[in-house]
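Structure assessment
Below, each chain spelled out in residue letters.
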Amino acid sequence: MRLIKEYNLKNGLKLQLFDKTFRYFGDYFFIEIEAVFSIPFSFIENHVHENLKGCLNDRLIFKKYLSKKAVYETELEKEKALLIENFENTGLSYLKRDSFIEKFIKKEIEKIKKRKEIEELRRKLSEGEDAS
């Protein structure tokens, strides 16, 4: 995994693009570029209920994958550049918004709540099975 580009977003986050491209058959490659940034807990804590704080790490990680299959070796760099350009023209403007951070945090907290509810249900079911 190789860092290929960084963006300092106006909402205070740093987005990094990593090249995870690999050969999968002969002269054909699977292009995979991972766009990733982490949101520190200082951005998160205003959105988190006290009982969920223990479920969070010190940051939330955002990942998005840009990919294309069956790219011939001689076309790799051109196709990577096109994927990145398309991402810059469409997705990057969304990630730059201040509202994106809040929406992402809320979505991740909902995932955590659901996971916690499922774990609690499993625990209760397990206890019920042990009693019988």
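Residues numbered from 1 in each chain as written. Predicted model: local features only at pLDDT ≥ 70, side-chain atom pairs only at ≥ 80, totals over all residues. Heavy atoms only, no water.

1. Details of the nonpolar core
By size, the foremost hydrophobic cluster in this structure holds 27 residues, and its most contacted members are Leu 9, Leu 15, Phe 37, Ile 39, Phe 87 and Leu 95. Every element with two or more residues in this core is listed here: β2 (14-19), β4 (28-40), β5 (59-72), α2 (76-89), α3 (91-96) and α4 (98-131). If one sorts the elements of this core by residue count, β4 sits on top with six residues. Dropping the residues within four chain positions of it, Phe 87 is found in contact with Leu 15, Leu 17, Ala 35, Leu 66, Leu 92 and Leu 95. (Core = buried A, V, L, I, M, F, W, Y, C linked by side-chain atoms within 4.5 Å. Buried < 20%, exposed > 50% of the residue type's maximum accessible area, 1.4 Å probe, protein only. Helix = DSSP H or I, 4+ residues; strand = E, 2+ residues; numbered from the N terminus. Contact = heavy atoms within 4.5 Å.)

2. Some remarks on a nonpolar patch on the surface
Taken together, the side chains of Phe 22, Tyr 24, Phe 25, Tyr 28 and Tyr 72 define a hydrophobic patch exposed on the protein surface, amounting to about 530 Å² of accessible area. Looking at which element gives the most residues to the nonpolar patch, the answer is strand β3 (residues 22-25), with three residues. Among the structural elements, Tyr 24 can be located in strand β3. According to the relative accessible area criterion, Tyr 24 is partly exposed, its value standing at 42%. (Patch = residues over 30% accessible without salt bridge, like charges linked within 9 Å, V, L, I, M, F, W, Y side chains within 5 Å. Areas by Shrake-Rupley, 256 points an atom, 1.4 Å probe, with all protein chains shown as cover. Salt bridge = Lys/Arg side-chain N within 4 Å of Asp/Glu carboxyl O.)

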